[in-house]
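# Coordinate inspection notes
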Amino acid sequence: MSPGSRPYPLLLAIIFFCLNIGNAQLTEDQEYFETQGEIYQRWLDHVGLGRVLIVKEIKVNGERLYLKLGFREENYDKVVANWKQLKVAFDSKSALSLEEKLFYRACHLFSIPQEDMKVWVNDTYEWGMEPCFVRKVYFEGGDVVAKEINCRTKIRNVVVSNAELGKLRGNAVAEINLEKSRGTTYENIIKYAEQKYGSSNCGSREARFKVLQKDHVLRFEVQNLCKEVLTDEANPLACKVLKRLGYDCNWIKREMLTFTIIEQKTEDGFRLYCEIEGKYGSGLFEEVKRGGYHDMEVDFDEYLEIYADFFTTSLKKHLLSN
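Throughout what follows, the structure given in this document is the object of discussion. (Residues numbered from 1 in each chain as written. Predicted model: local features only at pLDDT ≥ 70, side-chain atom pairs only at ≥ 80, totals over all residues. Heavy atoms only, no water.)

### Remarks on the overall build of the chain
- The helix and strand inventory of the chain stands at seven helices and 13 strands.
- Looking at the 322 residues of the chain, the share that counts as buried comes to 48%.
- Long-range pairs, those at least 24 residues apart, make up 67% of the contacts in the chain with a sequence separation of at least 6. (Helix = DSSP H or I, 4+ residues; strand = E, 2+ residues; numbered from the N terminus. Buried < 20%, exposed > 50% of the residue type's maximum accessible area, 1.4 Å probe, protein only. Contact = heavy atoms within 4.5 Å.)

### Considering the packing of aromatic side chains
- Using the criterion set out here, one finds 17 aromatic pairs in the structure.
- Pairing Tyr 32 with Phe 33 gives two aromatic rings, centres 5.7 Å apart and planes at 55°, and the pair type is tilted. When sorted by exposure, Tyr 32 lands in the same class as Phe 33, which is buried.
- Geometrically, the ring pair formed by Tyr 40 and Phe 110 is tilted, given 6.3 Å between the ring centres and 35° between the ring planes. Taken together, the residues Tyr 40 in helix 2 (residues 30–47) and Phe 110 in helix 4 (residues 98–110) connect sequence positions 70 residues apart. Here the two residues Tyr 40 and Phe 110 agree in accessibility, since each one is buried. (Phe/Tyr/Trp six-rings, centres within 6.5 Å; stacked < 30°, edge-to-face > 60°.)

### Considerations on the environment of Lys 136
- In this fold, Lys 136 is placed in strand 4 (residues 134–140).
- In this structure Lys 136 comes out as partly exposed when scored by relative accessible area, which is 27%.
- Between the alpha carbons of Lys 136 and Phe 103 there is a distance of 9.9 Å; along the sequence they are 33 residues apart.
- Leaving out residues up to four positions away in the same chain, Lys 136 has contacts with Val 119, Trp 120, Val 145, Ala 146 and Lys 147.

### Here's the deal with helix 3 (residues 76–91)
- Between its first and last C-alpha, helix 3 extends 22 Å over 16 residues, near the 22 Å set by a 1.5 Å rise per residue.
- Residues Tyr 76, Asp 77, Val 79, Val 80, Ala 81, Asn 82, Trp 83, Leu 86, Ala 89 and Phe 90 constitute the buried set of helix 3.
- Among the residues of helix 3, the N-terminal cap falls to Asn 75, whose side-chain oxygen and the backbone nitrogen of Asp 77 are separated by 3.0 Å. (Expected span 1.5 Å × (residues − 1). Polar contact = N/O pair within 3.5 Å; in protein donor to acceptor, adjacent residues only side chain to side chain.)

### With respect to the sheet that holds strand 5 (residues 143–149)
- Reading across the sheet, the five strands line up as 1-2-3-4-5 and stay open at both edges, with mixed pairing between neighbours. The open sheet terminates on both sides in strands that have one partner only, identified here as strand 1 (53–61) and strand 5. Sheet twist, expressed as the average angle between the axes of neighbouring strands with direction ignored, equals 20°.
- Pairing analysis gives five bridges linking strand 3 (residues 117–122) to strand 4, with the strands arranged antiparallel. Paired with Trp 120 across the strands is Lys 136, a residue of strand 4.
- Each of strand 1 and strand 2 (64–71) touches helix 2; the most contacted strand, strand 1, lies at about 160° to it. (Pairing = 2+ DSSP bridges. Axes fitted to C-alpha atoms, helices over the stretch in contact; angles between N-to-C directions.)

### Observations regarding the pairing of strand 4
- Along strand 4, five of the seven residues are buried, which leaves the element largely enclosed by surrounding structure.
- Linking strand 4 to strand 5, which pair antiparallel, is a turn of two residues; within it Gly 141 sits at a positive phi near 65°.

### Notes on the side chain of Gln 213
- Tracing the sequence through the fold places Gln 213 in strand 9 (residues 208–214).
- The exposure class of Gln 213 is buried, given its relative accessible area of 3%.
- Separated by 2.8 Å, the side chains of Gln 213 and Tyr 104 make a polar contact.
- With residues near it in sequence (within four places) discarded, Gln 213 still touches Tyr 104, Gln 114, Phe 139, Gly 142, Asp 143, Val 144, Leu 218 and Arg 219.

### Quick word on the pairing of strand 1
- Bridge count between strand 1 and strand 2: eight bridges; the pairing is antiparallel. If you follow Val 55 over to strand 2, its bridge partner there is Leu 69.
- Taking the residues between adjacent antiparallel strands as the criterion, strand 1 and strand 2 are bridged by two residues, where Gly 62 takes a positive phi near 65°.

### A closer look at the packing of helix 2 against helix 4
- Two elements in contact, helix 2 and helix 4, have axes separated by 10 Å at closest approach and are oriented at 135°. By the angle between their directions, the pair helix 2 and helix 4 is classed as oblique. The two elements helix 2 and helix 4 cross, and the hand of that crossing is right-handed. Counted together, Tyr 32, Phe 33, Gln 36, Gly 37, Ile 39, Tyr 40, Trp 43 and Leu 44 of helix 2 and Lys 101, Leu 102, Arg 105, Ala 106, Leu 109 and Phe 110 of helix 4 form the full contact between these two elements.
- Classifying every residue of the contact of helix 2 with helix 4 by side-chain character gives ten nonpolar, two polar and two charged. (Parallel < 35°, antiparallel > 145°, perpendicular 65-115°, else oblique. Left-handed = near helix turned anticlockwise from the far one by under 90°. Nonpolar A, V, L, I, M, F, W, Y, C, P; charged D, E, K, R; others polar.)

### Structural notes on the nonpolar core
- Core analysis: the largest hydrophobic core is formed by 79 residues, its most contacted members being Tyr 40, Leu 67, Leu 102, Phe 110 and Phe 311.
- Looking at this core element by element, the count peaks at eight residues for helix 4.
- Not counting residues up to four positions away in its chain, the partners in contact with Tyr 40 are Val 55, Leu 67, Leu 69, Leu 102, Arg 105, Ala 106, Leu 109 and Phe 110. (Core = buried A, V, L, I, M, F, W, Y, C linked by side-chain atoms within 4.5 Å.)

In structure tokens:
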């Protein structure tokens, strides 16, 4: 072997080691993912989706995390009918599709980058059985993709009424009558958010702003906030929740917010759909690891809704003046 060829095996070893760091980290967090799976099911039940959907498995495969959802029904015709009714009811009152909502909620709760998250919705995961109903939801080309596979069969009517679906929490919609392209609007919103949160600080910690997506959907994240959603008025409820989780009443030191915004054209201009998801955590560590945050939704719905209304009202004023 020539001297010049010796580094090649070493280089391969280094590359292999680096590629497996992410996989090892995900595997080490399996227990955390299982806990978040329970919280995901709690959220499904909370908004009414749990009448149809259940968490079946959370699996690490390579550098990806797979959330596998199933159905409470086993009969294929009922599965398809229930999904169709659920999707129509959900999509009619949300700018996000049902598949997008399931995917984004998974990214938020499991603290996984969009590129590494996969959400499967199958009618069966039993060994040796081929699923007939399949929805594979993942992030590709800057947007969420929902791949659909169905068997051909007669569908019977099984009704899931709109009244049985829970209210979408933490959402606010602002009507803004302006004639601008989506790209211009999204860039304007990003500048607004950077200015608004760029000056925020919690002692020695500065807020960190990150754009996650800005194609069909605009998504961005702000970390290291404090008392942004959970203000002093939230203290009594926060204290009750923290005690239940085994923390003292002063444990909340930082917040993380994820914004999902969609522009919808109207006859006079456009409407902005804005959804805000929140997490809270301790300020005792510099770098928040996976599992260092707890989800705000369910326990702090009211405060998320108040903040979403405040944010969209402030954003509307900004867009009208620019």
